[in-house]
Each structure stands twice: as C-alpha cells, then as structure tokens.
Amino acid sequence: MVDWGLGNYERIALQLLPAAEVVVATGDPLPGETLVDVGCGSGNAALLATERGATVIGVDPSERLLEVAAAAAEERDLDAEFVLGDAASMPISGAEADVVVSVFGVIFAEDPSAAAAEIARMIKPTARVVFAAWVPGGPISDAVRLTRSTMAEILEQPPGPPPFTWHERGSLAELFEPHGFSISVTEHSIPFHAPSIDEFMRIEGENHPLAIAARPVLEKAGRADEIREGMRRIYEDANEDPDGFRITSNYVIAELRR
C-alpha cells in the first residue's frame, strides 16, 4: 500500500481536475443533497460539489490530504466536512448519501467487494454513484508498471494477483449488481502537459507519492538512473507535442443506479 500523504499529491491532483469536473457533473448533486467523495484526496470533487450547494463529506485514509482539502475549503469559504476512513469502512450513516463520487480513489481499495458493500450500505434507495477509473495502457500506466515491477524484483516479492478491472463493465456488474445496481460505462481521456519531458518528470518525481515511496528503494539498489531513463523513453515515444510535452491517458466514468 502506498501512503498517499507522501510528497505533495495535491500538486499532482491539479492535473486531474478535468476528470473531477466530469464526475461531479455526471453525479449532478442538487443543493441540499448529501454527497460523499470516496478517496477525496485534496478535495477536487468534494469542493466542486460544495460549490453546487451539496452537503459534502470527503473521506480519505490520508490525514495530511484531509488537512489540505479542509484548508482549500476554508480558503474558498466553502463548508465541507473531511473525515478519516477508507473505502471499506467509512464513518457515514446507513442510507445517508444521495450521491457518491470517487475520482480515481475507490479503484485503490484493497478489497473491492468490501468497498462495493460499503457504498451500497451508505446510500439512499434513489442515490447515484459515479466514479472514474483508469484504463490500463498508455505512457503513464507503462511508466508506473516499469517502476512497480522493478521494485518487486529488488524486494524479491512474488507477483501479486492482477488488480481488479474497475474500467470493465462486466467486472463492475459482478461487483455491484448483487447490491441492486445497474451500470453504465463511458470512456473519456485526459491530457497531461508540461514545457518539456524533463519538467514533467521533475514534477512527478518531486511530488507523486508513488515516486517518493520508490526512490529510496531504487537508489539503494543502484537502479534509480536505469528506471529514470526507461521512463523517459516511454514518455518520448508517446509525446504528442514536438514543441513541448503532452501525453494522453484514457479513463472511464462508471455510473451506477438502483
């Protein structure tokens, strides 16, 4: 498990704001409705929903990110609540939520079945559930896979089970239909920009929790430069902007209703 409080994930999360806007627009919280943001991080979706007049509760396992989200709400004069919890155990009353959203948050749940049951427990009968999930593949996915496989090799860890396929409708149906949900999935994309590949890698390396957690292991094993060059090649091959840097990642929006 990665400690998402490491580094400055709030800096990375700014790049994901367009996806949060799509998730909140799809969930369409009305003034006075209760919205729960699962894995709220630094508060992208929670703050957008609060601006729409919803009563918002953001839940995240990182105390530091909850503090960042609360500070952002205060700075924008928004009244949102941020509480400690994870996707399988949230301090939310049963049948409390009108809308549940998650922007690349619930997809990191250790136990997807437990997360699905928890979401089902806390929503009202007519609630909407909307979340964003990455589609595997693409340069960022490839770069993360390179780092993780090298880390596992260094630490002599056996290959783990494949991750749950949150982006596939069939997998979601198996997970959520027993709780009475119908599921629809639409595909979207999000671009990542920087003045150069080196600047993009610097920002990610200095701020992203995955990079911060991996660095000491890679450096101790003498493989940090190898991974850095491997990632650079991945980004070079995928770069869409000859005058700067731009890559695109695909994701899905899953919408669940009863």
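Preceding this section is the structure that the text describes.
Notes on the structure follow. The structure displayed is predicted, hence computed values, not measured ones.

1. Examining the sheet that holds strand β2 (residues 55–60)
Spatially, 7 strands are ordered β3-β2-β1-β4-β5-β7-β6 in an open sheet, and the strand pairing comes out mixed. This sheet does not close on itself; its edge strands, each paired only once, are β3 (81–84) and β6 (182–194). In this sheet, neighbouring strand axes are inclined to one another by 20° on average, regardless of whether the strands run parallel or antiparallel. In this sheet, strand β5 (residues 123–134) lies alongside strand β4 (residues 97–103) in parallel orientation, the contact comprising 6 bridges. Note on β5: the bridge partner recorded for Ser 102 is Phe 131.

2. With respect to the packing of aromatic side chains
Between two aromatic rings, the relevant description is the distance of the centres plus the angle of the planes. Throughout the structure, instances matching the rule amount to 13 aromatic pairs. With a centroid separation of 5.6 Å and an interplanar angle of 90°, the aromatic rings of Phe 131 and Trp 166 are classed as edge-to-face. Of this pair, Phe 131 sits in strand β5 while Trp 166 sits in the loop between α6 (139–154) and α7 (169–176), and the two are 35 residues apart along the sequence. Comparing Phe 131 with Trp 166, the two get one shared label, buried. Pairwise contacts between aromatic rings join Phe 131, Phe 164, Trp 166, Phe 176 and Phe 181 into one cluster.

3. Notes on the packing of helix α8 (residues 197–207) against helix α9 (residues 209–220)
Two elements in contact, α8 and α9, have axes whose closest approach is 5 Å; the angle formed by their N-to-C orientations is 75°. Regarding the angle of α8 to α9, the classification is roughly perpendicular. Contact with α8, carried on its side by Glu 204, Gly 205, Glu 206 and Asn 207, involves Pro 209, Ala 211, Ile 212 and Arg 215 of α9 and no other residues of that element. Looking at the contact of α8 with α9, its residues break down into 3 nonpolar, 2 polar and 3 charged.

4. Observations regarding the layout of surface pockets
Considered as a void within the structure, the second largest pocket measures approximately 170 Å³ in volume. Residue lining of the second largest pocket: Glu 10, Ala 13, Leu 14, Leu 17, Ser 42, Gly 43, Asn 44, Leu 47, Leu 48, Val 68, Ala 72 and Arg 76, and that is the complete set. For the lining of the second largest pocket, the elements supplying multiple residues, two or more each, are α1 (9–13), α3 (44–51) and α4 (63–75). At 3 residues, α3 tops the list of elements feeding residues into the lining of the second largest pocket. Here the lining of the second largest pocket is built from residues that sort into 7 nonpolar, 3 polar and 2 charged.

5. Notes on the pairing of strand β1 (residues 34–38)
Counting buried residues along β1, 5 of its 5 residues qualify, which places the element largely inside the surrounding structure. The alternating pattern of β1 places Thr 34, Val 36 and Val 38 and Leu 35 and Asp 37 on opposite faces, both of which are buried. Of the strand pairs in this sheet, β1 and β2 are connected by 5 bridges, and their pairing is parallel. Bridging across to β2, Val 36 finds its partner in Ile 57.

Rules of the game
- Residues numbered from 1 in each chain as written.
- Predicted model: local features only at pLDDT ≥ 70, side-chain atom pairs only at ≥ 80, totals over all residues.
- Heavy atoms only, no water.
- Pairing = 2+ DSSP bridges.
- Helix = DSSP H or I, 4+ residues; strand = E, 2+ residues; numbered from the N terminus.
- Axes fitted to C-alpha atoms, helices over the stretch in contact; angles between N-to-C directions.
- Phe/Tyr/Trp six-rings, centres within 6.5 Å; stacked < 30°, edge-to-face > 60°.
- Buried < 20%, exposed > 50% of the residue type's maximum accessible area, 1.4 Å probe, protein only.
- Parallel < 35°, antiparallel > 145°, perpendicular 65-115°, else oblique.
- Contact = heavy atoms within 4.5 Å.
- Nonpolar A, V, L, I, M, F, W, Y, C, P; charged D, E, K, R; others polar.
- 1 Å grid on protein atoms, 1.4 Å probe; cavity = no way out; pocket = protein on both sides within 12 Å on 5 of 7 lines; lining within 4 Å.
- Points joined across faces, edges and corners; volume = space filled by probe spheres on them.

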